[in-house]
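# Examining the three-dimensional arrangement
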Amino acid sequence: MVEALFDPALLRSFGDSPEDVSRHLQAELDALEGHLGTRQGDWTRVQAGREWSPAQELEHVLAIGRAGGKAVHLLLSEKELRAFPQLQGELKEGKRQTPDFARPSPDGLAWEAWTEAWQTHRQELESAAARLRATPERRLWHPYFGELDALDWMRSLVGHLRGHRELLERSVTP
């Protein structure tokens, strides 16, 4: 059996109840959206100390959000859960590594396309959050936190949004 790399209890900082998690999600969506709107001037420039530009960072955030959102929707549904490989995420120098499916393209998301892509993504997450509940009897494997229910999957997405927002905020060149 594959073990989780991180204790899922860490995710509790993103809310105790579905309502708390939804509030954290809204706050992070608002904060990241607001920050992204300030980055047109360096949208395609790889940031100091980072591997990606803001355009690439957002493309990655959207890919992870889509995958995690699908997990939340599935866990909240009545659909049968099928077993799939429990692949552990990769750490490099203590940092979680991006899975291949979520690696951004060389140019990232075009400035002209980001607001529409963001709004679609935001609506999908908000839709899931509106129906959010704990599903202790229904869990899916997360590569870093192990078996998670719908509430913890959403917590992980909130944490992912916060982490990338903070990285983007720190990367602003004065």
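So, a few notes on the structure that sits alongside this text. A quick note: this is a predicted structure, and the numbers were derived from the prediction, not measured.

### Things to note about the pattern of salt bridges
Counted according to the given criterion, the structure contains 10 salt bridges. Between Asp42 and Arg39 there is a salt bridge whose closest N-O contact spans 2.9 Å. Per residue, the accessibility class of Asp42 equals that of Arg39, and both read buried. For Asp152, the salt bridge goes to Arg155, with nearest N and O atoms at 2.5 Å. Here the residue Asp152 and the residue Arg155 both occupy positions in helix α4 (residues 150-170), the gap between them amounting to three residues, near one helical turn. Within the structure, one salt-bridge network assembled from shared partners comprises Glu28, Arg162, Arg165 and Glu169.

### Remarks on helix α1 (residues 18-36)
Taking 1.5 Å per residue as the helical rise, α1 with its 19 residues ought to reach 27 Å, and the 27 Å between its terminal C-alpha atoms agrees with that figure. Every buried residue of α1 is listed here: Pro18, Val21, Ser22, Leu25, Glu28, Leu29, Leu32, His35 and Leu36. Seen end-on, α1 carries its buried residues on one side only, within an arc spanning 160°. Residues of α1 that are buried in the fold lie against α2 (54-76), α3 (111-130) and α4.

### A closer look at unusual backbone geometry
Although it is not a glycine, Glu93 adopts a positive phi angle of roughly 55°. Checked against the element boundaries, Glu93 lands in the loop between β1 (91-92) and β2 (95-96).

### Topic: the packing of aromatic side chains
Enumeration over the complete set of coordinates arrives at five aromatic pairs. Aromatic side chains Phe6 and Phe145 sit 5.9 Å apart centroid to centroid with 45° between the ring planes, which places their arrangement in the tilted category. In this pair, Phe6 sits in the segment before α1 while Phe145 sits in the loop between β3 (140-142) and β4 (146-148), placing the two residues 139 residues apart along the sequence. Looking at Phe6, the relative accessible area reads 25%, which means it is partly exposed. The exposure class assigned to Phe145 is buried, which follows from its relative accessible area of 7%. Ring centres of Trp111 and Trp114 lie 5.8 Å apart, and the angle between their planes is 50°; this geometry places the pair in the tilted category. Taken as a pair, Trp111 and Trp114 lie in helix α3 at a separation of three residues, close to a single helical turn. Trp114 sits in the buried class, given a relative accessible area of 5%. Through a chain of ring-to-ring contacts, three or more aromatic side chains come together here, namely Phe6, Tyr144 and Phe145. The positively charged end of Arg96 is found above the aromatic ring belonging to Phe6, 5.6 Å away from the centroid.

Rules of the game
Residues numbered from 1 in each chain as written. Predicted model: local features only at pLDDT ≥ 70, side-chain atom pairs only at ≥ 80, totals over all residues. Heavy atoms only, no water. Salt bridge = Lys/Arg side-chain N within 4 Å of Asp/Glu carboxyl O. Buried < 20%, exposed > 50% of the residue type's maximum accessible area, 1.4 Å probe, protein only. Helix = DSSP H or I, 4+ residues; strand = E, 2+ residues; numbered from the N terminus. Expected span 1.5 Å × (residues − 1). Arc of directions from axis to C-beta. Contact = heavy atoms within 4.5 Å. Phe/Tyr/Trp six-rings, centres within 6.5 Å; stacked < 30°, edge-to-face > 60°. Lys NZ or Arg CZ within 6 Å of the ring centre and 35° of its normal.

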